[in-house]
Amino acid sequence: MEKRVFLIVLDSFGIGAEPDAAAFGDEGTNTLGAIAGHPNFNCPNLKKLGLFNIDGVTAGEKTDAPAGAFARLQEQSMGKDTTIGHWEIAGVVSPNPLPTFPNGFPEELIQEFEAKTGHKVLCNLPYSGTEVLKDYGEEHMRTGALIVYTSADSVFQIAAHESVVPVAELYRYCELARGMLDVGRVIARPFAGTCAADFRRTANRHDYSLKPPKPTMLDAIHASGLDTIGVGKIYDIFDGEGVSEKLKTTGNANGMEVTLELAKRDFSGLAFVNLVDFDMLYGHRNDVDGYAAAATRFDGYLVQLVKLLGPDDLLLITADHGCDPSTPSTDHSREYVPLLAFGSHVREGVNLGTRRSFGCVACTVCDYLGVSARLDGESLLNDILR
């Protein structure tokens, strides 16, 4: 079997505030610290890999004999959002923050969007994705006006009921918005239900991202003739750049089921997996109970995945930012992220310390696969392998 890398991003699984967290309004934040002591949290496999042995991690119980190599990664990009977090994981640091709109989008832009879509706009404010449906969903159903909202991240989100605006039409409106904006992501947020009491977002979300500003590890790996399989929202985050195969998922459980099937399949290259529920369902909703339970469920899948790894497989687990569910904020948080490495050829118990840039993930992946690439970061491969 050819070399395979399984890179799993636990979306928002931060492990403590970075030194500049206060500048982002996130002083003292700690996503892992918020969930590790919860009764729903039981992650013996993450513990075994060395999660609690990582520098600076004070939650949980260290193990005397970690089965993997481990590091703490410090983001170098100016932001704490999904797009630039993943870009940096893929080897591209973003020195300038993506634009945000704390007071909503400019009126002239909204008017242009209304003219292009033929729909009026409701809301146009930073808003919780669930609360916005409660507050504006019924008016949307009466009038057909589109619900447009943002957050602390660089996003333009459009919510519409699937019976009022067909999903394909909503996607077309997002494409129009994408052409008008330089935000990180335009996001289609279809929903269903009969009234404010039971509105719910459907699985037909679709993200329209900016293209990365320069080639990432995906481009380099794909250009070398190897597979680049995007699981979950990876394809959307990179606007398809460098992704040879897209596998859509409905959430963490489905994402891990897809990953387990990939582990049974012959391919050569990278399976890049995003598990979105940590962020979307629990971090942004300040649901400590749910976040802790989601970590436990992932840990159960992890033991299954490890059993399926071949002798030339490398498993890497990391995150793209934090989203501490215990703080008053529902936004992402500026945090260090973990890096756990495991495989039959990975040295056990290697503490790689604190490394600057998530880009060391990309450099390590390319180095392992024998792919030459000009990326931001350093390879950790020589420190990881036996």
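These figures come from a predicted structure and were not determined experimentally.

A. View of the overall build of the protein chain. A tally of regular secondary structure across the protein chain gives 13 helices and 14 strands. Its C-alpha atoms give the protein chain a radius of gyration of 20 Å, near enough to 21 Å, the size a compact globule of 386 residues would have. In terms of overall dimensions, the protein chain has C-alpha extents of about 65 × 45 × 35 Å along its principal axes. Per element, the accessible surface of the protein chain, about 14,600 Å² overall, is 48% carbon and sulfur. Computing the positive centroid from 34 side-chain charges and the negative centroid from 52, the protein chain places the two 3 Å apart.

B. Focus on the packing of helix α9 (residues 252–263) against helix α11 (residues 288–308). It is the contact of α9 with α11, at a shortest axis distance of 10 Å, that shows an interaxial angle of 5°. Classified by the angle their axes make, α9 and α11 are roughly parallel. Every residue of α11 that contacts α9 at Asn252, Ala253, Met256, Glu257, Thr259, Leu260 and Ala263 is listed here: Ala294, Phe298, Tyr301, Gln304, Leu305 and Leu308.

C. The arrangement of α11 in detail. Helix length check: α11, at 21 residues, gives a terminal C-alpha distance of 31 Å against a target of 30 Å (1.5 Å per residue), a fit within 8%. What α11 keeps buried is the set Val288, Gly290, Tyr291, Ala292, Ala293, Ala294, Ala295, Phe298, Asp299, Tyr301, Leu302 and Leu305. Regarding α11, its N-cap is Asp287, as a side-chain oxygen of that residue lies 3.3 Å from the backbone nitrogen of Asp289 further along.

D. How the structure looks around the packing of aromatic side chains. Under the counting rule described, the total for this entry stands at 12 aromatic pairs. Here Phe41 and Phe52 contribute two aromatic rings whose centre-to-centre distance is 6.2 Å and whose plane-to-plane angle is 70°, an arrangement assigned as edge-to-face. Residue Phe41 is found in the loop between α1 (31–35) and α2 (44–49), and its partner Phe52 is found in the loop between α2 and β2 (69–74); the two are separated by 11 residues along the sequence. Through a chain of ring-to-ring contacts, three or more aromatic side chains come together here, namely Phe101, Phe105, Phe113 and Phe156. Sitting over the ring of Tyr368, Lys3 keeps its end group 4.6 Å from the ring centre. One cation-aromatic arrangement involves Arg72 over Tyr336; the distance from NZ or CZ to the ring centre is 3.8 Å.

E. Spatial organisation of the state of the cysteines. Here the structure, examined in full by the defined rule, presents zero disulfides. Left without a disulfide partner, Cys366 is nearest to the cysteine sulfur of Cys363, which lies 7.1 Å away. For Cys366, a relative accessible area of 3% gives the class buried.

F. Here's a closer look at the sheet that holds strand β13 (residues 337–342). In space, the eight strands of this open sheet follow the order β10-β9-β11-β1-β12-β13-β2-β14, with mixed pairing throughout. Since the sheet does not close on itself, it has two edges, and those belong to β10 (245–247) and β14 (351–356), each with one partner. The sheet shows a mean angle of 15° between the axes of neighbouring strands, taken without regard to direction. Judged from the three bridges that link them, strand β12 (residues 313–318) and β13 form a sheet pairing that is antiparallel. Looking across to β13, one finds that Ile317 is bridged to Leu340. Those strands touched by α11 are β1 (4–10), β11 (269–275), β12 and β13, and its axis lies near 165° from that of β12.

G. Main features of unusual backbone geometry. Here Asp239, not a glycine, exhibits a phi torsion of approximately 50°, which is positive. With respect to the element layout, Asp239 can be found in the loop between α8 (234–237) and β10. Asp239 gets classed as partly exposed once you look at its relative accessible area, which sits at 31%. Despite not being glycine, Ser357 shows a phi value in the positive range, around 95°. Looking at Ser357, the relative accessible area reads 5%, which means it is buried.

H. Fine view of the layout of surface pockets. If you add up the space inside the largest pocket, you get close to 510 Å³. Those elements that place two or more of their residues in the lining of the largest pocket are β6 (185–192), β8 (206–209) and α10 (277–283). Broken down by class, the residue content of the lining of the largest pocket amounts to seven nonpolar, seven polar and 10 charged. Its volume calculated, the second largest pocket comes out at about 370 Å³. Lining the second largest pocket are 27 residues, with Gly129, Ser151, Gln157, Arg189 and His284 positioned closest to its centre.

I. How the structure looks around the nonpolar core. Core analysis: the biggest nonpolar cluster contains 95 residues, and Leu32, Ile35, Met217, Phe272 and Phe298 have the highest contact counts within it. It is α11 that provides the largest number of residues to this core, a total of nine residues. Not counting chain neighbours up to four residues away, the residues in contact with Phe272 comprise Leu7, Val9, His86, Ile89, Met217, Leu218, Ile229, Gly230, Val231, Ile234 and Phe238. Counting 24 residues, the second-largest nonpolar core is a separate cluster that includes Phe101, Ile110, Leu181 and Val186.

J. Inspection of the pairing of β8 at higher detail. The alternating pattern of β8 places His206 and Tyr208 and Asp207 and Ser209 on opposite faces, both of which are buried. Relative to β8, β6 is paired through four bridges, and the arrangement is antiparallel. When the bridges of β8 are listed, Val186 appears paired with Tyr208.

Cut-offs used in this document
- Residues numbered from 1 in each chain as written.
- Predicted model: local features only at pLDDT ≥ 70, side-chain atom pairs only at ≥ 80, totals over all residues.
- Heavy atoms only, no water.
- Helix = DSSP H or I, 4+ residues; strand = E, 2+ residues; numbered from the N terminus.
- Rg over C-alpha atoms; globule rule 2.2 N^0.38 Å.
- Areas by Shrake-Rupley, 256 points an atom, 1.4 Å probe, with all protein chains shown as cover.
- Lys, Arg positive; Asp, Glu negative; His and termini not counted.
- Charge placed at Lys NZ, Arg CZ, Asp CG, Glu CD.
- Axes fitted to C-alpha atoms, helices over the stretch in contact; angles between N-to-C directions.
- Parallel < 35°, antiparallel > 145°, perpendicular 65-115°, else oblique.
- Contact = heavy atoms within 4.5 Å.
- Expected span 1.5 Å × (residues − 1).
- Buried < 20%, exposed > 50% of the residue type's maximum accessible area, 1.4 Å probe, protein only.
- Polar contact = N/O pair within 3.5 Å; in protein donor to acceptor, adjacent residues only side chain to side chain.
- Phe/Tyr/Trp six-rings, centres within 6.5 Å; stacked < 30°, edge-to-face > 60°.
- Lys NZ or Arg CZ within 6 Å of the ring centre and 35° of its normal.
- Disulfide = S-S within 2.5 Å.
- Pairing = 2+ DSSP bridges.
- 1 Å grid on protein atoms, 1.4 Å probe; cavity = no way out; pocket = protein on both sides within 12 Å on 5 of 7 lines; lining within 4 Å.
- Points joined across faces, edges and corners; volume = space filled by probe spheres on them.
- Nonpolar A, V, L, I, M, F, W, Y, C, P; charged D, E, K, R; others polar.
- Core = buried A, V, L, I, M, F, W, Y, C linked by side-chain atoms within 4.5 Å.

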